[in-house]
There are 2 protein chains.
Amino acid sequence: MGKPEHFPSETIKPVISKAELVRRVSAVLPAESLLYDEEELKPYECDGLSAYRKLPLAVALPETEDQIRAVLKICHEGRVPVVFRGAGTGLSGGALPYEHGLLLGLSKLKRILEIDPVARMARVQPGVRNAAISEAAAQYGLYYAPDPSSQIACSIGGNVAENSGGVHCLKYGLTVNNIMKVRFVTIDGELLEIGGDGLDAPGYDLLALITGSEGLLGVVTEITVKLLPSPVKAQVVLAAFDDVGKAGQAVADIIAARIIPAGLEMMDKKATGAVEQFIGAGYPLDAEAILLCESDGSEEEVESEIARITEVLKAAGATQIRVSQNEAERLKLWAGRKSAFPAVGRILPDYFCLDGTIPRKQLANVLKRIGEMQDTFNLQCANVFHAGDGNLHPLVMFDANDDDQLHRAEQYGAAILELCVEVGGTITGEHGVGIEKINQMCVQFRTPELNTFHSIKHAFDEHGLLNPGKAVPTLQRCAEFGAMHVHRGEEKFPDLPRF
Amino acid sequence: MGKPEHFPSETIKPVISKAELVRRVSAVLPAESLLYDEEELKPYECDGLSAYRKLPLAVALPETEDQIRAVLKICHEGRVPVVFRGAGTGLSGGALPYEHGLLLGLSKLKRILEIDPVARMARVQPGVRNAAISEAAAQYGLYYAPDPSSQIACSIGGNVAENSGGVHCLKYGLTVNNIMKVRFVTIDGELLEIGGDGLDAPGYDLLALITGSEGLLGVVTEITVKLLPSPVKAQVVLAAFDDVGKAGQAVADIIAARIIPAGLEMMDKKATGAVEQFIGAGYPLDAEAILLCESDGSEEEVESEIARITEVLKAAGATQIRVSQNEAERLKLWAGRKSAFPAVGRILPDYFCLDGTIPRKQLANVLKRIGEMQDTFNLQCANVFHAGDGNLHPLVMFDANDDDQLHRAEQYGAAILELCVEVGGTITGEHGVGIEKINQMCVQFRTPELNTFHSIKHAFDEHGLLNPGKAVPTLQRCAEFGAMHVHRGEEKFPDLPRF
């Protein structure tokens, strides 16, 4: 946009010393809620992206919203960078500490404040585990729909920060579609109440704006989530294919048949092989790819939908079709999918888990090209993903002790992300940008969009204190990185990004 | 927030003369696309809120995105306020011209650019009528879900600006839930591409931010909407009640029975009486209130859901239940609902159509209190509304030629909106704030939220040129209005707002 642009610097240093920070924060927190010895800080040096580690100046673990406001006011006055942390399960380094900053953990705010079965909502604190909401709502026949694989451990506050999805988001949407309102604290300690009990609220849609903003705009201190009626019945169909492209086409066929499955997941032979060795989910080992397609709803709905799904899969050339006959069978089929990442991790010591999203119609094409690249880079890639919404999780396997393998794996990952953008997709579906994909944002967006992001950031956090260096790259970084999005000739794209 | 606050002035005057504006805009538009004689301007003096009328300096009707960008650059340089206009069907005055500004109409951008049945999306220009999208998608068995009552006339660009809903938004969501990406031009003529083909996009959620922003942040020049499979079957249940409170409770019961109807509408006796005189939809005249509850989906789904709906309505005390037996009967039942506003308009010369939204559990309580207020203000109020999502449309009837009636009607309207906020709801569900409810925003929000809105506005439009005086009130206006939201004792609420 035409106004002076806001370029947050990536190096922000406090104007107060660590000692002074500790002194001031001690005055507003109980002693056990502030850690500053190196040994105490160690458990907080990384999140789920453990390749990156840093120690913060201190870790604050407030117990109340008032304490959060007080700590943030101190940081704002002292120009101390702040990184928020939920359960630390994030996969993109969003909660990686900033070495000149404070880490503010929400783990002590873990109360479920209210469940209202008539309004179908739960009001919870940010440290509540995702799965705990559904557990508490079960007595009313309700549940909270978004179900990231980490749902046993991850917190709802982190889900809001990352706009988390899960295997059921095709039908039920992402976090942003399943929350109603939040209490939100800005860097200067101001409290905002955002959203409402109705479908829509007047004013700009700040609720959507802060959802998925990766801790760059402020922190939620209370979340009101929507609850849904637990389906009376759920069944899953397993379909095997002798060709990955055919499985991709079957996904498009299901969507084209006007079915919206509760979940529609795909795994290729490398992934199913790893899973079978790991937990034995009963997947056919001779299939090149399998689909898991779930239907949920009333008895009648599920019965008729499963029949239609089966028909489409047969017509698409499935070599084997199996329908779960009871809840144990259904859970066993899903257990394989949910353990796919650790299972693949046992084949080679390291893997990159990519998170690109592509238009569904590109599935067969993109899978074929990812497969062909195995020869180009002389590496193996297992594919496990949310096929229904086009969210890929290619797992590029390598041994990090071999520099050449590491280098090729980085190139392979970069090529896959470039391919996702090329076919009209995005570099991340649900894991967030964090520190991991910050350079790829330069491929995804042009200068006008990045400028707009910086203007929004400036509106909330003019000194750039919140989660510096994450999620939205500075234009300077993109210039140094040497990659800018090619688009209608407006900007050049001189080099492949280095992953 | 803690930084210098941005208070857009409500009086913005260009630094160039009308003659100079006309000269500059003429250079970038065809002659027939620029109107500036008073007579030519007259048709643009108001939108659907015809109580407010103003003439702009000129009306520009560009035919291309490049022309829009060029016109906006001229306005930005000349500090000329700009108001956007779609089909002019808005009910809150969002497209009311600004007397010192340009009105920029999108009516000439009315092409459907692409329909992709596999990706289930349509790419359209902003001037395309809402209903035209579904008409064009029908050949693929698809449709665009949001269906405002004005859907035959209203444009998709206006729907994005207002985040429009409709009778089916309970099940299918508002505009924001049904669009994927847009091309968006800011006041300085910069083009942004926002959103993507996937479920989520990296960076801040600008798509949701601009949806419903009422032309204050920029203008969409192309919209990619989601298409849904047309339901195989739809049926509607009409249920009559001898008490408005019982009908309200029946709505809560349907939701509590874990049913999500495709539509769930309510009308009270005054509304049904007016409709029967007007078009004869077959509503029972002796009922105090009726519900229309629709189910759509596959044959099996609809059959089982209609059975469950009927059972719940019986248990809730319905005195009569009728299920549409064919498409003609279904459309006749809906025709009554859709003509309710003009029908009520025939009882007394004027009415205020309110648009408050309340938590569903408050329905029975709020309806009772709105009914009691008829005595307090000595005026009649008909109730027609989207019961399922708690979006009320009380119609306060009066004769504007009687000053005392007008005054009492304003008081009655204000009291209803205050009641909506009091029970945890909002002042507007789907009609937008515009000019109509600008003062009530001072009741809805506290200073921190209003400040945040102004900061966002400033990030997009630092000179406050876009739609001045609409949607988000200045703090000065709220101070003069004398109403601030009472909330946990942080701000006073000295007076009832004057509607």
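Residues numbered from 1 in each chain as written. Chains lettered and ligands numbered in written order. Predicted model: local features only at pLDDT ≥ 70, side-chain atom pairs only at ≥ 80, totals over all residues. Heavy atoms only, no water.

Side note on the overall build of chain A
Phase 1: When helices and strands are tallied, chain A shows 17 helices and 18 strands.
Phase 2: Here the C-alpha radius of gyration of chain A, 23 Å, is about what a compact globule of 499 residues would show, namely 23 Å.
Phase 3: Here chain A holds 499 residues, and 63% of them are scored as buried.
Phase 4: When contacts within chain A are restricted to residue pairs at least 6 apart in sequence, long-range pairs at least 24 apart make up 72% of them.
Phase 5: Taken as a whole, chain A presents about 17600 Å² of accessible surface, with 50% of it coming from carbon and sulfur. (Helix = DSSP H or I, 4+ residues; strand = E, 2+ residues; numbered from the N terminus. Rg over C-alpha atoms; globule rule 2.2 N^0.38 Å. Buried < 20%, exposed > 50% of the residue type's maximum accessible area, 1.4 Å probe, protein only. Contact = heavy atoms within 4.5 Å. Areas by Shrake-Rupley, 256 points an atom, 1.4 Å probe, with all protein chains shown as cover.)

Digging into the packing of helix α13 (residues 363-377) of chain B against helix α14 (residues 403-422) of chain B
Residues and elements named next belong to chain B.
Phase 1: Here α13 crosses α14 at 155°, and the two axes come no closer than 11 Å. The angle between α13 and α14 falls in the class roughly antiparallel. α13 and α14 meet at a crossing whose hand is right-handed. Note on element contacts: α14 touches α13 through Arg408, Gln411, Tyr412, Ala415, Ile416, Leu419 and Glu422, opposite Val366, Arg369, Ile370, Met373, Gln374 and Phe377.
Phase 2: Class assignment of the residues belonging to the contact of α13 with α14 gives a composition of eight nonpolar, two polar and three charged. (Axes fitted to C-alpha atoms, helices over the stretch in contact; angles between N-to-C directions. Parallel < 35°, antiparallel > 145°, perpendicular 65-115°, else oblique. Left-handed = near helix turned anticlockwise from the far one by under 90°. Nonpolar A, V, L, I, M, F, W, Y, C, P; charged D, E, K, R; others polar.)

Section: the relation of the copies chain A and chain B
Phase 1: After a rotation of 180° and a shift along the axis of 0.0 Å, chain A superposes on chain B with an RMSD of 0.0 Å. Within this description, the copies of the chain are treated as partners about a two-fold rotation axis. Minimal C-alpha separation from the rotation axis in chain A is found for Glu301(A), amounting to 2.7 Å.
Phase 2: Taken together, the interface assignments show that 100% of the residues at the interface of chain A recur at the interface of chain B, consistent with an identical surface on both copies. (Least-squares fit on C-alpha atoms with pLDDT ≥ 70 in both.)

Considering the interface of chain A and chain B
Phase 1: Tallying the contact residues gives 78 residues for chain A and 79 residues for chain B.
Phase 2: Carbon and sulfur atoms make up 60% of the area that chain A and chain B hide from each other, which totals about 6700 Å².
Phase 3: The largest contributions to the chain A side of the interface with chain B come from Pro202(A), Tyr204(A) and Arg258(A), which together make up 13% of the buried area.
Phase 4: In this assembly, chain A and chain B are joined by two salt bridges.
Phase 5: Between Asp116(B) and Lys361(A) there is a salt bridge, and its shortest N-O distance comes to 2.5 Å. (Buried area = accessible area lost by both parts, 1.4 Å probe. Salt bridge = Lys/Arg side-chain N within 4 Å of Asp/Glu carboxyl O.)

Overview of the environment of Ala247(A)
Residue and element names in this part refer to chain A.
Phase 1: As for its position among the elements, Ala247 is in helix α8 (residues 244-256).
Phase 2: For the pair Ala247 and Met441, spaced 194 residues apart in the sequence, the C-alpha separation amounts to 30 Å.
Phase 3: Not counting residues up to four positions away in its chain, the partners in contact with Ala247 are Phe241, Met266, Ala289 and Leu291.

A closer look at a negative patch on the surface
All names here are of chain A.
Phase 1: Taken together, the side chains of Asp37, Glu38, Glu39 and Glu40 make up a negatively charged region of the molecular surface.
Phase 2: Mapped onto the fold, Glu40 is located in helix α2 (residues 38-41).
Phase 3: The class for Glu40 is partly exposed, based on a relative accessible area of 35%. (Patch = residues over 30% accessible without salt bridge, like charges linked within 9 Å, V, L, I, M, F, W, Y side chains within 5 Å. Lys, Arg positive; Asp, Glu negative; His and termini not counted. Charge placed at Lys NZ, Arg CZ, Asp CG, Glu CD.)

Re the domain arrangement of chain A
All names here are of chain A.
Phase 1: On domain assignment, one finds that chain A holds domain 1 (4-105), domain 2 (112-229), domain 3 (233-341), domain 4 (348-438) and domain 5 (447-487).
Phase 2: A separation of 21 Å is found between the C-alpha centroids of domain 1 and domain 5.
Phase 3: Contacts between domain 1 and domain 5 engage 19 residues on the former and 15 residues on the latter.
Phase 4: Contact between domain 1 and domain 5 buries roughly 1500 Å² in total, counting both sides, with carbon and sulfur atoms accounting for 63%.
Phase 5: The tally of links between domain 1 and domain 5 comes to zero salt bridges.
Phase 6: Those elements that provide at least two residues to the side of domain 1 that touches domain 5 are α3 (65-77) and β3 (82-85).
Phase 7: No other element matches the three residues that β3 contributes to the side of domain 1 that touches domain 5.
Phase 8: Grouping the constituent residues of the side of domain 1 that touches domain 5 by class yields 12 nonpolar, four polar and three charged. (Domains from an automatic or database assignment.)

Describing the pattern of salt bridges
Residue and element names in this part refer to chain A.
Phase 1: Evaluation of the coordinates by the stated rule reveals 48 salt bridges over all chains.
Phase 2: Where Arg53 meets Glu45, a salt bridge forms, and the shortest distance between an N and an O atom there is 2.8 Å.
Phase 3: We note a salt bridge from Glu327 to Arg330, for which the minimum N-O separation is 2.7 Å. Taken together, the residues span about one helical turn, with Glu327 and Arg330 both in helix α11 (residues 327-338) at a distance of three residues.
Phase 4: Overall, the relative accessible area of 41% leaves Glu327 in the partly exposed class.
Phase 5: Among the residues examined, Arg330 registers a relative accessible area of 12% and is labelled buried.
Phase 6: Overlapping salt bridges bring together Glu20, Arg23 and Arg24 as one network.

Points about the sheet that holds strand β4 (residues 102-105) of chain B
Residue and element names in this part refer to chain B.
Phase 1: The sheet built from four strands is open, its strands ordered β1-β2-β4-β3 with mixed pairing. Since the sheet does not close on itself, it has two edges, and those belong to β1 (34-35) and β3 (82-85), each with one partner.
Phase 2: For strand β2 (residues 58-60) and β4, the ladder comprises three bridges, and the chain directions are parallel. Residue pairing across strands places Ala60 opposite Leu104, the latter belonging to β4.
Phase 3: Contacts from helix α3 (residues 65-77) reach β2, β3 and β4 within the one sheet, and its direction differs from that of β4 by about 165°. (Pairing = 2+ DSSP bridges.)

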